[in-house]
Each structure stands twice: as C-alpha cells, then as structure tokens.
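Below are the chains, spelled out letter by letter.
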Amino acid sequence: MTITTVARLAEHDGETVTIRGWLQNRRSKGKIAFLLIRDGSGTVQCVALKKNFDEEFFDKLTSLPYESAVIVTGPAKADERAPGGVEMQVDSLEIVSVSEEYPISNQEHGPDFLLSNRHLWLRSSKQVAIMRIRDEVIRAIRDFFHERDFINVDSPIFTPNACEGTSELFEVQYTEDELAYLSQSGQLYNEAAAMAYGKVYCFGPTFRAEKSKTRRHLREFWMCEPEMAYADLEDVMDLSEDFLCYIAQRVVAHRKHELEVLERDISKLESIRKPFPRLSYEEATEKMREHGHEFEFGNDFGAPDETFVSSLYDSPVMVHRYPHEIKAFYMKRDPQDDRFALGVDVLAPEGYGEIIGGGQREDDLETLRARIQAHELPEEAFEWYLDLRRYGSVPHGGFGLGLERTVAWMCGIEHIREAIPFPRMLYRIYP
Ligand code: 4AD
Ligand code: MG
C-alpha cells in the first residue's frame, strides 16, 4: 500500500493510498460520515459510508474525539468542490489512539489560554500556515545569501561581553568563577569572519532581557546578520533592499495558500519593490514636524514614531544617520557631520516597525578604543575585536534582520509571539 501525505494526494488520483494523521473535524449525515483529517502537510475530507463498516465501528467513528490519531486507507479522488481539490473514500480506518477531550475548540480562546497550550495550539490551521511561512522565509534567507556568494559562519551564543548595550544582557554562570552572557547579536564575531571570508552571514537565536511587554519584542528571537568587507553604508542599504524584496517575492510565489488561510492582503506584499525611500534621521524628524507628529530631536524612535514614519509609505522605508548618542559604540561616525552615526534602520510598512538594524562599522583603531572607553565597556574583553583594526582594517558593514518581525509582517499577524514556535517573553517560559 502506498503511504502518502495530504499535500501529495492529488498526485494519486484514482489510486488507493494510506494517509496517517489526526481527526480535525467530523460530521455525519445518517449513512455517511465526513472526517476531516490533517496530517501536518494539509487537510483532507474523507468520506466513510456506513454500509462498508460494522455498525459498532461506524458509531465509534462518528463520535470519535477530535485529535484522535487515525490511519486511513482508500481511493483518492480529484474533486474540484473539495478543499484542496481532492477527497478520499474510506475503505478502512485504523484508530491509533483515542484522544482525550481536546482543550482547543473552534470557539474564541484568550491569548493566555492559547499560549499556555502552545504545544497544542501549533496544530491549528492558522499556526500551521504561519510556521510554513516562517520556514519559507528561512529558506529564502539562505538562498539569497548563497546566490550572492556569502558564506554562512555562525557566531557563538555564550559570549564574554555585551554587543548591544549592557542593560538587556542575560547572565549565565559559565564556570564557578566566570560569568558569560547570552549573545545579543553575532555582529562582532561576524566582523572577524568578514575579514577572513569577505562576505558572510550568521543566522541563529539571540537573546535580549527585554523588560517591555510589546507585540514586537521577544526575549529569544532569531536574527540573520550579513557582514561585508569593503562595504559602506550605501552597500548595506542596497543589500537590505534587495533582501527584503527577495523574501517578500518568495513568500508570495510559494506560500499563496498559507497567506490565504491567514486572510493576508497579498497585494501588500506583491507591491514590495525597490527602490525604498531613504530618509536621513534629520529628514524623518522634519517630516514628523510637517505632519504635526510630536517628536524631540535627538531621541530614538519609539514604536509610535516608527509607525508614523512608515505610515507615510507603502513600502519599507530606510532611516539612516541617527544621532550617534543613541546608537551602539561600534558605529562609524558620518565624516560629513560628526553628530550622526552611519547606521540604518529599515522600518516595515503596516506598522510592523523596525525589522532591520545595521550600518557601517568604525574601522579606525584609536577611534574605536576611545568609543569603548566612552561607553565604559571593559577594554580587555574587546582586545580581539580591536585586533581586527590592527591587522588589515577595511571599511565594512552589515545588518541584522529580526526573523519573527519579518514573519509577522509577511503573515499580517498582530503579535510576533505567533511567529516563533515557542515564544519566550517576559513572565512566560511555559511550555
Ligand atoms: O537593531 P538591532 O539591535 O541590531 C543589532 O543587533 C546589530 N548588531 C545587527 C547587525 O548590524 N549585525 O537588532 C536587529 C534586529 C531589529 O531590527 C529587529 O528586527 C530584531 O533584530 N530585534 C528583535 N526582534 C524581536 N524581539 C526583540 N527583542 C528584538 N530586538 C531586536
Ligand atoms: Mg535597532
């Protein structure tokens, strides 16, 4: 007997096949039972006729609890009216396990209840669609860089020092008398890798001890970080633009069905085209003033400011050259205007906020040393990083893309907690 999956059922039109899954829904009409079976690859309607089973078994079938595990064998039949374009007749059905009463129903559940049942919630159609889109984004990311001759060089998770400021560090007892920190960004190691291999990217989990509970923050999230030797801020902006267009096009091309399940307005993703507007921080604050949006020059953008600036455009917008005081120690100053750092944030449309942060790095040894001192960072811990400026320093830069924010944007979902299988948030680590 051919064992197949729901996703491949249409390839077996007219053949008798077996699928292995779970009962998602059912209804019966006298002599017929309609069983909706999901197997992770999709959902198929299976039709069981009473006359083909003994009465006791048929009764059991029509009262089988949701999420019971079943193996169904029968002929696959193309049928335009059926969801997915294919149906199955049930010749035989094996009940692998009878489920207890399933806690998640079709009724509305509150977010706390769903998050506490995340291990089960993952089975729901919407969550399946989100995870498939996440998988597509991950593949698109890797393909994008490999097509452009970047190599994947991952950075460590245990680190001896901070990268993105010391207030959001997770400390771990590394040895009896030594502390380490969970990585906030692979960037510093990426810079070493770029000097070794030219064009690199790292892609892995990163950790921020965020104290804020917002729809854009996780304490553990995935970041993809490219880094290029012999590159300046313009190169970094060009790469971010190509990157986001590539991701959006791939999701639209390969995940239409999932976007439909999520009721995503696909035209919003289809219209992501370069060039993206590029505004300096000064220009962006000028726009805020023009439109009467209150903002104090010199501050970092908060979520409402990002939302305001991005609401002026349909595509992502790049804001570059921020006041250096609000940016990390490693950013190179603008040689044209020392008040600003050569950094860029890319703000996603539709209120998804900053999805990319990056820029050009300080490449001068003495300037960088002075920055480390000014930021009161432990110089010894950064000696290796300073070495990169001692031995063949070149202009270089890169960025970090937050995977979950990107996935949330692609999916059009409200909160990034649904864009990762098991979200880690303030006051929530179960399950
Ligand atoms: O802007 P960030 O902090 O930049 C860096 O870490 C740089 N070192 C990256 C680089 O240049 N290689 O973070 C980059 C992105 C943000 O734009 C956002 O998308 C995401 O990471 N991000 C978060 N996503 C979810 N939850 C959080 N708490 C996040 N913090 C940042
Ligand atoms: Mg940032």
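Just so it is clear, the model here is predicted, and its values are computed rather than measured. (Residues numbered from 1 in each chain as written. Chains lettered and ligands numbered in written order. Predicted model: local features only at pLDDT ≥ 70, side-chain atom pairs only at ≥ 80, totals over all residues. Heavy atoms only, no water.)

(A) Representation of the site of ligand 1 in the model. Residues in contact with ligand 1 amount to 24 residues; listed here are only the nearest, Glu164, Gln187, Leu218, Glu225 and Glu354. Interatomic distance of 2.9 Å between a backbone N/O atom of Ile355 and an oxygen atom of ligand 1. Contact distances for ligand 1 include 3.5 Å between an oxygen atom and a backbone N or O atom of Gly357. For ligand 1, whose unbound accessible area comes to 630 Å², protein coverage reaches 94%. Applying the majority rule of atoms within 2 Å of the grid points places ligand 1 in the largest pocket. Elements with a minimum of two residues in the shell around ligand 1: β13 (220-229), β18 (353-360) and β19 (396-402). Examining the composition of the shell around ligand 1, we find that five residues originate from one element, β18, more than from any other. Counted by class, the shell around ligand 1 contains eight nonpolar, eight polar and eight charged residues. (Near = heavy atom within 4 Å. Polar contact = N/O pair within 3.5 Å; in protein donor to acceptor, adjacent residues only side chain to side chain. Areas by Shrake-Rupley, 256 points an atom, 1.4 Å probe, with all protein chains shown as cover. 1 Å grid on protein atoms, 1.4 Å probe; cavity = no way out; pocket = protein on both sides within 12 Å on 5 of 7 lines; lining within 4 Å. Sits in = over half its atoms within 2 Å of the grid points. Helix = DSSP H or I, 4+ residues; strand = E, 2+ residues; numbered from the N terminus. Nonpolar A, V, L, I, M, F, W, Y, C, P; charged D, E, K, R; others polar.)

(B) Representation of the domain arrangement of the protein within the structure. Per the domain assignment, the segments of the protein are domain 1 (2-97) and domain 2 (118-419). Taking only C-alpha atoms into account, the centre of domain 1 sits 45 Å from that of domain 2. Each side of the interface is counted separately: domain 1 has five residues, and domain 2 has four residues. A buried area of about 330 Å², summed over both sides, lies between domain 1 and domain 2, and 30% of it is on carbon and sulfur atoms. The interface formed by domain 1 and domain 2 includes one salt bridge. Across the pair Arg123 and Glu67 runs a salt bridge whose closest N-O atoms are separated by 2.9 Å. (Domains from an automatic or database assignment. Contact = heavy atoms within 4.5 Å. Buried area = accessible area lost by both parts, 1.4 Å probe. Salt bridge = Lys/Arg side-chain N within 4 Å of Asp/Glu carboxyl O.)

(C) Structural detail: empty space enclosed by the protein. Inspection of every chain in the model, using the stated rule, returns two cavities of 30 Å³ or more. Here the largest cavity defines a volume of roughly 70 Å³. Lining the largest cavity are 14 residues; nearest its centre among them are Thr159, Asn161, Cys163, Ser185 and Tyr189. Here the lining of the largest cavity takes three residues from helix α5 (residues 187-197), the largest share from any one element. Among the residues making up the lining of the largest cavity, the classes are represented as seven nonpolar, seven polar and no charged. Roughly 30 Å³ of internal volume is contained in the second largest cavity. (Points joined across faces, edges and corners; volume = space filled by probe spheres on them.)

(D) Inspection of the nonpolar core at higher detail. Counting 63 residues, the largest nonpolar core has Val137, Ile141, Phe145, Phe243, Ile247, Trp409 and Met410 as the members making the most contacts within it. Those residues in contact with Phe145, other than ones at most four positions away along the chain, are Phe150, Tyr201, Cys224, Pro226, Leu239 and Phe243. Leu9, Val17, Leu61 and Val72 belong to the second largest nonpolar core, which has 23 residues in total. (Core = buried A, V, L, I, M, F, W, Y, C linked by side-chain atoms within 4.5 Å. Buried < 20%, exposed > 50% of the residue type's maximum accessible area, 1.4 Å probe, protein only.)

(E) Fine view of the side chain of Thr159. Mapped onto the elements of the fold, Thr159 is located in strand β9 (residues 158-159). A distance of 3.2 Å separates the side chain of Thr159 from the backbone oxygen of Asn161, its partner in a polar contact. With sequence-adjacent residues up to four places away left out, Thr159 is seen in contact with Ala180, Tyr181, Leu182, Ser183 and Tyr189.

(F) Looking closely at unusual backbone geometry. Cis geometry marks the peptide bond from Lys274 to Pro275; its omega dihedral reads 0°. Locating Pro275 in the fold gives a position in the loop between α8 (267-270) and β14 (278-280). For the peptide bond that leads from Tyr430 to Pro431, omega is 0°, which places it in the cis range. Mapped onto the elements of the fold, Pro431 is located in the segment after α13 (403-411). Positioned with a positive phi, Glu263 is a non-glycine residue whose angle comes to about 55°. Residue position: Glu263 is located in the loop between α7 (256-261) and α8. At Tyr427, a position not held by glycine, the phi torsion is positive, near 65°.

(G) Representation of the sheet that holds strand β11 (residues 178-182) within the structure. The three strands are arranged β9-β11-β10 in an open sheet whose pairing can be described as antiparallel. Across the chains shown, the open sheet's two edge strands, defined by having one partner strand only, are β9 and β10 (171-175). Sheet analysis places β10 next to β11, joined by four bridges and oriented antiparallel. When the sheet's bridge partners are listed, Val172 is paired in β11 with Ala180. (Pairing = 2+ DSSP bridges.)

(H) Up close: the side chain of Thr4. Its location among the elements puts Thr4 in the loop between β1 (2-3) and β2 (16-29). Non-local contacts of Thr4, meaning those with residues more than four positions away in its chain, are made with Leu9, His12, Val17, Thr18 and Ile19.

(I) Spotlight on the pattern of salt bridges. Evaluated as defined, the whole model comprises 35 salt bridges. A salt bridge links Arg250 to Glu136; its shortest N-O distance comes to 3.1 Å. In this pair, Arg250 is assigned in helix α6 (residues 233-254) and Glu136 in helix α4 (residues 125-147), connecting sequence segments 114 residues apart. Given a relative accessible area of 14%, Arg250 falls into the buried group. For Glu136, a relative accessible area of 3% puts it in the buried group. For the salt bridge of Glu136 with Arg255, the shortest nitrogen-to-oxygen distance reads 3.1 Å. Of this pair, Glu136 sits in helix α4 while Arg255 sits in the loop between α6 and α7, and the two are 119 residues apart along the sequence. The burial state of Glu136 is the same as that of Arg255; both residues are buried. A cluster of three or more residues bridged by salt bridges with shared partners is formed by Glu136, Asp143, Arg250, Arg255 and Glu258.

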